[in-house]
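# Per-entry structural report
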Amino acid sequence: MKSKVRLLIASFFILLLFVCVYSFDKTAEGKWSKASNCLQVRLSCPRYRYNIGETIKIYIVFRNIGGTSQTIKMPSLYATVNMSCNNKDFADAIGAYPRGIEKLTLSPGQTSPSYFLNACRTDYEGAGVYEFSGGIGNDEVGWKFEPLKVTIGSYISFLFWWL
């Protein structure tokens, strides 16, 4: 009887450790793009893993790697976000632009907050690895997004959504 109780307690602590380690799903971030006019961009989304049926919100982040301040007029930017699931293209979000700000000025070395760019539903394509790529620009600057990947699955319990 004591061994069963010990096994139960050990199992509980292992599960608790697992929950502590994996419950804080980090933000998914693509790599920084090549610089254009001393600015770089990258795509991000709140998590690396989603359940089928959830909507993935895609954000853009800017970084000034130059020695002077840079200003970007957001509505002038025009983005295309290419979407694929398991290496099969399924959509292109054309005409997206960063929302929530008209103009962004970044000091040297400064990174912007995340700005909402687009969203992707997961209930049509189902489980798999979703990849987002594309680019953004205007007449003055342009960037090609480095791919951002997230995993979509069917998770049994709300307690294990981070798996």
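Up top you'll find the structure we're talking about.
In this report, the structure presented in the accompanying data block is examined. Fair warning: this is a prediction, and the values are worked out from it, not measured in the lab.

What counts, and where the lines are drawn
Residues numbered from 1 in each chain as written. Predicted model: local features only at pLDDT ≥ 70, side-chain atom pairs only at ≥ 80, totals over all residues. Heavy atoms only, no water. Helix = DSSP H or I, 4+ residues; strand = E, 2+ residues; numbered from the N terminus. Buried < 20%, exposed > 50% of the residue type's maximum accessible area, 1.4 Å probe, protein only. Contact = heavy atoms within 4.5 Å. Core = buried A, V, L, I, M, F, W, Y, C linked by side-chain atoms within 4.5 Å. Pairing = 2+ DSSP bridges. Phe/Tyr/Trp six-rings, centres within 6.5 Å; stacked < 30°, edge-to-face > 60°.

Looking now at the environment of Val-41. Residue placement: Val-41 occurs in strand 2 (residues 39–45). Since its relative accessible area comes to 0%, Val-41 is described here as buried. Look past the residues within four positions of Val-41 in its chain and what remains in contact with it is Lys-31, Trp-32, Ser-33, Ile-60, Val-61, Phe-62, Ile-136, Trp-143 and Phe-145.

It is worth spelling out the nonpolar core at this point. In terms of nonpolar packing, the biggest core is built from 33 residues, with Ile-56, Phe-62, Leu-117, Phe-132, Ile-136 and Val-150 touching the most fellow members. Taken together, the elements giving at least two residues each to this core come down to strand 2, strand 4 (55–64), strand 6 (78–85), strand 7 (88–96), strand 8 (103–106), strand 9 (115–121), strand 10 (128–137) and strand 11 (142–153). In contact with Ile-56, other than residues within four places in its own chain, are Cys-45, Tyr-50, Asn-118, Ala-119, Cys-120, Thr-122, Tyr-130, Phe-132, Val-150 and Ile-152.

Turning our attention to the pairing of strand 6. Successive residues of a regular strand alternate their side chains across the two faces of the sheet. Where strand 6 lies against strand 10, eight bridges are found, and the strand directions are antiparallel. Residue pairing for strand 10: Cys-85 is matched across the bridge by Tyr-130. Across seven bridges, the pairing between strand 6 and strand 7 is antiparallel. For Asn-82, the partnering residue across the bridge sits in strand 7 and is Asp-92. Between the antiparallel neighbours strand 6 and strand 7 lie two residues, among them Asn-86 with a positive phi of about 50°.

Across all of its chains, the model carries three aromatic pairs by this definition. Measuring from centroid to centroid gives 5.9 Å for Phe-62 and Trp-143, while their planes differ by 75°, and the two rings are edge-to-face. Taken together, the positions of Phe-62 in strand 4 and Trp-143 in strand 11 put the pair 81 residues apart, joining distant regions of the chain. With centroids separated by 5.7 Å and ring planes inclined at 75°, the aromatic side chains of Phe-90 and Tyr-130 adopt a geometry described as edge-to-face. One end of the pair, Phe-90, is in strand 7; the other, Tyr-130, is in strand 10, with 40 residues separating them in the sequence. Since its relative accessible area comes to 27%, Phe-90 is described here as partly exposed.

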